[in-house]
Amino acid sequence: MAIVGAGVCGLYLAWKLSEKGHQVTLFEKKEKIGKESCSGLFSQRILEIFPESQKLIQNQIDSTLIHFPRRILRVKFSKKMLVMNHWELDNLLVPLAEKAGTKIFLNHSLNSLPDGFDRIIGCDGPNSFVRKSLCLKEPSFRLAVQGFVSEKNNSNFVETWAVEKGFIWKIPRGEETEYGIIASPKKASEFLNNFLDKNNLKIERMKSGLVPQGFIIPSHPSITLCGDAAGLTKPWSGGGVIWGLTAADILLKNFPDFIKYKRETKRVLYAKIFSSRIITKITYFLGFKAPWFFPENIKIESDFLT
């Protein structure tokens, strides 16, 4: 079987399917493995999936401050969020997949779906070639931009500033501080530049990437999608690692039946996607129009809003 895309979902599926005795070939278009344009703010579930990732923790986060024009909200997390380097997390999985027997081909850009495989899984990100090859609908997109300031910061909370269809963030990473934005592709850079100018900040090592949103899993018996390729990201934050890995575990449980995988993933995630979209819209409306409606203390479980 073939997996297209050596991101966290592709590597995880390759590792686990290889351990089960399947012959797995993993194709990656880049020369090196590792997602660079990602904040790497994960829930503690990441430790349940990859106990080895404990050594990657840079900081632990208890809450977030949300800055609206007329009120600042503090939202507490029911479980601490962990700050890690996403690139390091991806590369932690490489030797596990290879040791299990996965064949990894880097710098391998596809012009057509790979031949000679009975199953193909597209884990190839927001602009998924596999998704486009199946002529599926495109997800909606936001743009994420991030950069760093050489300022040590070990605070136990992150800060966000609400903007149209997104937010600006500040994440303490221990040895440095990260700033970034997720918003519509047309306005993200403008919002971020205005914020940086207003606060007299100059960030370095800027990177950007598209963040997809949707539920795009095909009804195909031998080709499917997972992770960002399927648009499985959280509507409020754009994070997709835990949701993608949740779908990956469902795929592993039902493999090689891709129809059952789609059906169960829809049952588990679709209602959460829909409800979190509604909650996000209500939060933004009240935050800008009627912030006094919010309670003084808000507590959430950051992965699934439960």
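Starting afresh in each chain, residues are numbered from 1 along the sequence in its written order. Totals for whole chains, interfaces and linings use every residue, but because this is a predicted model, local features are given only for residues with pLDDT of at least 70 and side-chain atom pairs only at 80 or more, for both listing and counting. The side-chain figures draw on all heavy atoms in the structure; neither hydrogens nor water molecules are used.

A few words now on the nonpolar core. Residues enter a nonpolar core if they are buried and are Ala, Val, Leu, Ile, Met, Phe, Trp, Tyr or Cys, with the set joined through side-chain atoms within 4.5 Å. The cut-offs for exposure are 20% and 50% of the maximum accessible area for each residue type, with area from a 1.4 Å probe on protein chains only; residues under the lower value are buried, those over the upper are exposed, and the others partly exposed. In terms of nonpolar packing, the biggest core is built from 58 residues, with Ile3, Leu13, Leu17, Ile46, Phe50, Ile121 and Leu245 touching the most fellow members. By definition, any uninterrupted DSSP run of H or I lasting at least four residues is a helix, any uninterrupted run of E lasting at least two residues is a strand, and each is numbered from the N terminus. With 9 residues, the single largest contributor to this core is helix α6 (residues 241–254). Here, two residues are considered to be in contact whenever any of their heavy atoms come within 4.5 Å of each other. Other than its neighbours up to four places away in sequence, Phe50 contacts Val8, Tyr12, Trp15, Leu89, Leu93 and Leu245. Judged by nonpolar contacts, the second largest core, of 22 residues, contains Val158, Ala162, Ile182 and Leu286.

Turning our eyes to something else, we now look at the pairing of strand β9 (residues 157–163). Of all 7 residues that make up β9, 6 are buried, and the element is covered over most of its length. Any two strands with at least two DSSP-identified bridges between them are counted as paired. Note that strand β4 (residues 59–68) and β9 share 5 bridges and pair parallel. Directly across from Ser63, in β9, lies its bridge partner Phe157. Across 5 bridges, β9 lies against strand β10 (residues 166–172) in antiparallel orientation. The partner of Ala162 across the bridge, within β10, is Phe167. Linking β9 to β10, which pair antiparallel, is a turn of 2 residues; within it Lys165 sits at a positive phi near 55°.

The values reported here are purely geometric and, on their own, carry no functional implication.
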